[in-house]
Amino acid sequence: MTSSAALRHDEPGAARPLRDLWRHHRRYRPRVVAATAATTLNTAADVLPELLLGVAVDVVVRGSDSFAATLFGVEGRFEQLLIVALVNVVVWMIESATDYAASLLWRGLAQAVEHDLRVETYANVQELDVSWHEGSAPGRVLSVVSDDVNQLERFLDTGARVILHTFWTVVFVGAVFAATSWTMTLLAFLPVPVIVVGSIVFQRRLEPLYTAVRARAGDVSATIATNLGGLTTIKAFTAEAREVERVREVSDGYRDANLRAIRYSSAFVPLIRMAILAGFTSTLLLGGWLVINGRLEVGLYTVLVFMTQRLLWPLTDLGETLDLYQRAMASTRRIFALLRERGDQQPGTGVLAPPVRGSVELRGVRFGYADGPDVLRGLDLVVPAGQTHAVVGSTGAGKSSLLRLVLRFSDPREGQVLLDGTDVRELGWDALRGAIGYVSQDVFLFHGTVRDNLAYGRVDATDEQVQEAARQAEAHAFITALPQGYDTVVGERGQTLSGGQRQRIALARAILRDPALLVLDEATSAVDTETEAAIQRSLAAVTASRTALVVAHRLSTVRDADRIWVLADGRVAEAGSHDELVEAGGIYAGLWAVQTGEAAEMGAGAR
Ligand SMILES: Nc1ncnc2c1ncn2[C@@H]1O[C@H](COP(=O)(O)OP(=O)(O)OP(=O)(O)O)[C@@H](O)[C@H]1O
């Protein structure tokens, strides 16, 4: 499988994040062009008032010989000033309008890109194999989908604009300088190479530091998410202090990684300021000297001194923006690494010929997890359509693993799993999983009403259908006894149901889909005798009209199964009806004796 290494370690993942972004968001290119145009116009309008100031000084000093007099053909100083003031107002209006447009476009773009990446990354993660998720902490994925995506948005929101603005300022101011005095141009631009080279060196050093920062941020999210998931266990073992310590350790790592980056990034601005100071002082002195010697107009001198300011000061912001840029690129690498993750399992395109019967066959199946040993070693098993078969065996025998293969949460290392005679690898996800109603060992209910949870697999079900399914699963009675009946909120945070109740809701949820094949990984060991009897009754009812494959822990629940498969050592050790297996006196008979013996003892104890 493609590994999630880029998420787990400090590897950069995608090598060219900006190129990836540009290619990935083709549809936003016109918007990028419009935003760039608005920023360019805005920068031009931003630089012009300084020029106009010089023109005004020139009007006052030189009167009818001024630049404005020649340009507008107006003699009077005040008239000239009026025209300059008017032009200035227009320029400011353009500046304000383009500032608004640029802000709207860049920030809108940032939101759009953020939104798309969040949804796409989530959608891709959801497509990945179950085994991929088992190998990756959910908190780490969460940190990419939320933190990293936000980090990129922060840069796009302001950073891109600042970089463009700085670039155009250098170009426009450079043009003004070049048109007036080459000596002054050289002096004013003297600090620019220092700043550019400094920025490149600084960026290169920061890149790995920020990659490490993002990886450590992932560690923190992963640890906290895992701990919150196991909060009751932490409390039960009074391990709070230990867990706080664990969070403190990963948070230390995050803080230290950030501090290392901050040490570099903070050194940058003072460096730039020194370079700026050199440029500014030189222009001030040399320009003044040229004016004193009559080789430069006062107006131009004023313009150039202001322009030097205008040129160099924005470059101080560059440090902060490049910092933001590096952080965003480290995040973008992680986002694209996750977007590029592909699971091993690709769905087929096949569909089952109706009517789907739900027969299952496993042929010579060998299976194990990741690089681990075989859990199933050459398993052959057939469940003909319409029958109910049970799988039993000691704990860890591979019963749940077998069901996992039927649902294609994993693929076998060898052999085939067939549904209605078709290899499950040839079927599309809908064709395969749409034919199956699955009840897992640990039932997951979503945060929402009981009704929403029941209708999860069939959202268009009517209230009558929902209630009928609940009745079949023996869940209707306790649901109506809940405070708001079917509208009671349960699930993730509202864990208001007992284990047995959750189990029955899960069963009703599976029944409501009316699947051809019912796959049950029952956890009857977790329920009381009354619930067990209820489940047994509902099982009998719902399996009457469909194929069923049931993993059973309590053998009494599957006594009436058409066939019982006993797994041992990754193979089928015995198979037959309950009576046949008891008669044979093998593994099953032993298990049965233990369970009925236990029951007898418990019964005796109760008396
Ligand atoms: N996600 C997993 N990753 C790695 N190994 C696993 C995973 N799930 C199960 N195993 C291993 O596979 C073996 C079979 O597990 P499985 O859950 O299929 O057994 P089971 O018969 O259903 O057990 P139980 O009756 O306790 O539910 C066990 O040794 C277990 O450690």
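None of the values given here were measured: they were computed from a predicted structure.

A.B. asks: Quick one: what's the story with the overall build of the protein, residue by residue and with numbers?
C.D. replies: When you go through the protein residue by residue, the secondary structure sums to 21 helices and 12 strands. Its C-alpha atoms give the protein a radius of gyration of 36 Å, more than 25% over the compact-globule value 25 Å for 607 residues. Taken along its principal axes, the extent of the C-alpha atoms in the protein is 120 × 45 × 45 Å. In the protein, which comprises 607 residues, the proportion classed as buried is 38%. Expressed as a percentage of contacts within the protein between residues at least 6 apart in sequence, the contacts between residues at least 24 apart total 79%.

A.B. asks: Give a description of helix α2 (residues 17-24) that names residues and reports values.
C.D. replies: Considered for burial, the residues of α2 that qualify are P17, D20 and L21. When α2 is viewed along its axis, its buried side chains cluster within an angular range of 100 degrees and face the same direction. Within α2, the exposed residues directed more than 90 degrees away from the buried face are L18, R19 and R23. Elements in contact with the buried residues of α2: α12 (298-340).

A.B. asks: Describe the UniProt feature "transmembrane region" (unreviewed entry) in the protein, with residues and values.
C.D. replies: The sites that UniProt annotates as "transmembrane region" (unreviewed entry) are residues 162-179, 185-202 and 271-292. Taken end to end, residues 162-179 is 100% helix and 0% strand, and its first and last C-alpha atoms sit 26 Å apart. When the span residues 271-292 is considered, its composition is 100% helix and 0% strand, and the gap between its end C-alpha atoms is 32 Å.

A.B. asks: Could you give me a rundown of the sheet that holds strand β10 (residues 547-551), with the residues and numbers involved?
C.D. replies: With mixed pairing, the 6 strands of this open sheet are ordered in space as β6-β9-β10-β3-β11-β12. The open sheet has two edge strands, β6 (436-439) and β12 (571-576), and neither has a second partner. Pairwise comparison of adjacent strand axes, ignoring direction, gives a mean angle of 15 degrees for this sheet. Note that β6 and strand β9 (residues 517-521) share 4 bridges and pair parallel. Bridge pairing in β9 places Y438 opposite V519. Each of β3 (388-393), β9, β10 and β11 (563-568) touches helix α13 (residues 399-406); the most contacted strand, β10, lies at about 145 degrees to it. Against the sheet, helix α18 (residues 499-512) touches β6 and β9, its axis set at about 175 degrees to β6.

A.B. asks: Tell me what's going on with the environment of S266, and back it up with residues and numbers.
C.D. replies: Among the structural elements, S266 can be located in helix α11 (residues 240-292). For S266, a count of 11 C-beta atoms within 10 Å corresponds to the exposed category. Once the C-alpha coordinates of S266 and G319 are considered, the two residues, 53 residues apart in sequence, prove to be 8.4 Å apart.

A.B. asks: Which residues make up the packing of helix α3 (residues 29-62) against helix α7 (residues 138-180), and what values do they have?
C.D. replies: Contact geometry of α3 with α7 gives a least axis separation of 9 Å together with a crossing angle of 45 degrees. As the angle between them shows, α3 and α7 are arranged oblique. Crossing of α3 over α7 shows right-handed handedness. Judged by residue contacts, T36, T39, T40, T43, A44, V47 and L51 of α3 engage R161, L164, H165, W168, T169, F172, V173 and V176 from α7. Looking at the contact of α3 with α7, its residues break down into 8 nonpolar, 6 polar and 1 charged.

A.B. asks: Talk me through the sheet that holds strand β2 (residues 374-383); I want residue IDs and the actual numbers.
C.D. replies: With respect to topology, 4 strands assemble into an open sheet ordered β2-β1-β4-β5, the strand pairing being antiparallel. Each edge of the sheet is formed by a strand with only one pairing partner; in this case those strands are β2 and β5 (422-423). The sheet contact formed by strand β1 (residues 360-368) and strand β4 (residues 414-419) spans 5 bridges and is antiparallel. When the sheet's bridge partners are listed, L362 is paired in β4 with V417.

A.B. asks: Break down the site of the ligand for me, with residues and values.
C.D. replies: Neighbouring residues of the ligand: E134, Y369, G372, V375, G393, T395, G396, A397, G398, K399, S400 and S401. Take the shell around the ligand: its biggest share by element is 3 residues, from α13. Grouping the amino acids of the shell around the ligand by side-chain chemistry returns 3 nonpolar, 7 polar and 2 charged.

A.B. asks: Tell me about the nonpolar core, residues and numbers included.
C.D. replies: Judged by nonpolar contacts, the single largest core of 72 residues is most densely connected at A435, L454, A508, V519, L549, V550 and I564. With 7 residues, α18 is the largest single contributor of residues to this core. In contact with V519, other than residues within four places in its own chain, are L403, V406, L407, I436, G437, Y438 and L549. Membership of the second largest hydrophobic core comes to 69 residues, among which are L48, A56, F172 and M307.

A.B. asks: Could you give an account of the domain arrangement of the protein, with specific residues and numbers?
C.D. replies: Domain boundaries in the protein define domain 1 (14-340) and domain 2 (347-435 + 551-602). Placing a centre on the C-alpha atoms of domain 1 and another on those of domain 2 gives a separation of 60 Å.

A.B. asks: I'd like a rundown of the packing of helix α16 (residues 463-472) against α18, residues and numbers included.
C.D. replies: Contact geometry of α16 with α18 gives a least axis separation of 8 Å together with a crossing angle of 125 degrees. As judged from the angle between their axes, α16 and α18 are oblique. Pair α16 / α18 crosses with right-handed handedness. Here α16 contributes Q465, V466, A469, A470 and Q472 to the contact with α18, which in turn contributes A508, I511 and L512. For the contact of α16 with α18, a count of residues per class yields 6 nonpolar, 2 polar and no charged.

Rules of the game
Residues numbered from 1 in each chain as written. Predicted model: local features only at pLDDT ≥ 70, side-chain atom pairs only at ≥ 80, totals over all residues. Helix = DSSP H or I, 4+ residues; strand = E, 2+ residues; numbered from the N terminus. Rg over C-alpha atoms; globule rule 2.2 N^0.38 Å. Buried ≥ 20, exposed ≤ 12 C-beta atoms within 10 Å, placed from the backbone. Contact = placed C-beta atoms within 7 Å. Arc of directions from axis to C-beta. UniProt positions renumbered as here; feature names shortened; annotations may be inferred. Pairing = 2+ DSSP bridges. Axes fitted to C-alpha atoms, helices over the stretch in contact; angles between N-to-C directions. Parallel < 35°, antiparallel > 145°, perpendicular 65-115°, else oblique. Left-handed = near helix turned anticlockwise from the far one by under 90°. Nonpolar A, V, L, I, M, F, W, Y, C, P; charged D, E, K, R; others polar. Near = placed C-beta within 6 Å. Core = buried A, V, L, I, M, F, W, Y, C linked by C-beta atoms within 7 Å. Domains from an automatic or database assignment.

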